[in-house]
Amino acid sequence: MNIYPKLITDALATVRYPGTGKNLVEGGMVEDDLRIDGMHVSFSLLFEKNPDPFMKSVVKAAETAIHTFVSPEVKVEIAVKSAQAPRPEPGKMLPQVKNVIAVSSGKGGVGKSTVAANLAVSLARLGFRVGLLDADIFGPSVPKMFHLEAERIFAEQRGGRQLLIPAFKYGVKILSIGFFVNPDTATLWRGGMASNALKQLIADADWGELDYLVLDTPPGTSDIHLTLLQNLAITGAVIVSTPQAVALADARKGIDMYRNDKVNVPILGLVENMAWFTPAELPENKYYIFGREGVKKLAEEMHTPLLAQLPLVQSVCESGDEGEPAAVAENHIMAVHFLDLARRVVEETEKRNRELPATSIVEMKK
Ligand SMILES: Nc1ncnc2c1ncn2[C@@H]1O[C@H](COP(=O)(O)OP(=O)(O)OP(=O)(O)O)[C@@H](O)[C@H]1O
Ligand SMILES: [Mg+2]
């Protein structure tokens, strides 16, 4: 029996690629490197994505089609080519990012997002190249804080891969799941979806070269934290708490999570938020609404630096709601506090990098 090219392409035209519904020939997936040598046939199939969920089954179906429509005697050899370079492995993601800083707490609502956003803006004001990743997949607040609720993100072909291009505002590259979905639907997500979405924001985005990538994390110690720890080598964590006893107890849990032997992420220090309230008309007075210096004491007990004590200021809340972080306004009292915080974070990060080995990612259980 003589095998000629049309027999093979006719057979391949019976196989549909599930991703598009087109057959392999029509979809341009059969490369023009078909070689026929007696009963030996070889060619390549081109896949746009890598990894492609249908790759194995399509290769198998192509082989079966040739055996069915040409001859079961044909020896088929199919090479797989891909237009998309593969996603880097966990731990090797973002090699151009020097420092990854996780802003965490235990308790919700203590000011993580406020601190993360203002820290990112202040680091940019100090001249660093900065990214802010909103990892609070179920309750993203970064879009609102940067007045980017209407932002639509595009992907572009970069370095052989299709990558998301972060938004850019106040000197900071920003990505949040809030740019892609209505936050109200996030609670309907099934297991794995949130973690996959987060991985995409990390590995399938064009963050470029950064000195600092700041992570705004969800409250508590959740699966999302695990996803972060399994995929990114976090340089250090900044723990935010109010001086209240309930917040302190949860902050301790947050610290323990990072210090756990299997995790080993250094704590750069603590931030005491809402440390006191000073009314505008009585600038000398400090009212310790949530208790006095609770976070300072916790820092001493945990042998970790106290990076900042931030007052409760009405305009912080307002600026967060209006979409301009307080750190943006040059002369604002809070902008000064946040710049000091940024300088302390830089000092502690550099100290940590001199004294401790690089963080390793948490290995995934197979
Ligand atoms: N120092 C401050 N002075 C006044 N208001 C503040 C201050 N810090 C935070 N807030 C306000 O408190 C609220 C909660 O802050 P934020 O959203 O930053 O907390 P969070 O820890 O990220 O919360 P969640 O756990 O829901 O993610 C916001 O309205 C914010 O504007
Ligand atoms: Mg938050």
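As the structure is a prediction and not an experimental result, all values here were calculated from the model. (Residues numbered from 1 in each chain as written. Chains lettered and ligands numbered in written order. Predicted model: local features only at pLDDT ≥ 70, side-chain atom pairs only at ≥ 80, totals over all residues. Heavy atoms only, no water.)

## Considerations on the sheet that holds strand β3 (residues 75-82)
Keep this limit in mind: Strands pair, by our definition, only if DSSP identifies at least two bridges between them. Strands are runs of DSSP state E lasting at least 2 residues, helices are runs of H or I lasting at least 4, and numbering of each runs from the N terminus. Only the stretch in contact is used when fitting a helix axis, every axis being a line fitted to C-alpha atoms; angles between N-to-C directions are given from 0 to 180 degrees. Contacts are assigned to residue pairs that have any heavy atoms within 4.5 Å of one another.
Taken together, the three strands give an open sheet; going across it, the order is β1-β2-β3, and neighbouring strands pair in mixed fashion. Unpaired on one side and paired on the other, β1 (35-37) and β3 mark the two borders of the sheet. Recorded for the sheet is a direction-independent mean angle of 20 degrees between the axes of neighbouring strands. Relative to β3, strand β2 (residues 40-47) runs parallel, the two being bridged by eight bridges. Bridge pairing links histidine 40 to lysine 75 in β3. Of the strands in this sheet, β2 and β3 touch helix α2 (residues 55-69), which is tilted by about 150 degrees from β3.

## Digging into helix α6 (residues 193-203)
What counts is decided by this rule: Between buried and exposed lies partly exposed: a residue is buried under 20% and exposed over 50% of the maximum accessible area for its type, with that area taken using a 1.4 Å probe on protein chains only.
Turning to α6, its buried residues are Ala194, Ala197, Leu198, Lys199, Leu201, Ile202 and Ala203. On its buried face, α6 sits against β5 (130-134), β7 (161-164), β9 (172-176) and α7 (223-231).

## Re the layout of surface pockets
Counted only if it meets this: Put simply, the grid is 1 Å and covers the protein atoms alone, a cavity is a trapped set of points that fit a 1.4 Å probe, a pocket is an open set with protein on both sides within 12 Å along at least five of seven lines, and lining residues have an atom within 4 Å of a point. Grid points are joined across faces, edges and corners, and a volume is the space filled by probe spheres set on the points. As a working rule, the residues Ala, Val, Leu, Ile, Met, Phe, Trp, Tyr, Cys and Pro are called nonpolar, Asp, Glu, Lys and Arg charged, and the rest polar, with Gly in that last group. Delimitation of the domains relies on an automatic or database domain assignment.
Quantified by volume, the largest pocket comes out at close to 470 Å³. Looking at the largest pocket, it is lined by 28 residues, and the ones nearest its centre are Gly111, Ser113, Thr114, Met145 and Met274. When residues of the lining of the largest pocket are traced back to their parent elements, those giving at least two are α3 (112-125), α4 (142-145), β12 (267-277), β13 (306-312), α10 (314-322) and α11 (333-355). Per-element tally for the lining of the largest pocket: the top contributor is α10, with five residues. In terms of residue class, the lining of the largest pocket is built from 13 nonpolar, 10 polar and five charged. Reported here for the second largest pocket is a volume of approximately 400 Å³. Around the second largest pocket, the lining is made up of 18 residues, and of these Lys49, Gln84, Gln162, Gln200 and Asp204 lie nearest the centre. For the lining of the second largest pocket, the leading source of residues is β7, giving four residues. Counting residues domain by domain, the lining of the second largest pocket receives three or more from each of domain 1 (13-82) and domain 2 (97-355).

Any link to function would need more than the numbers given here.
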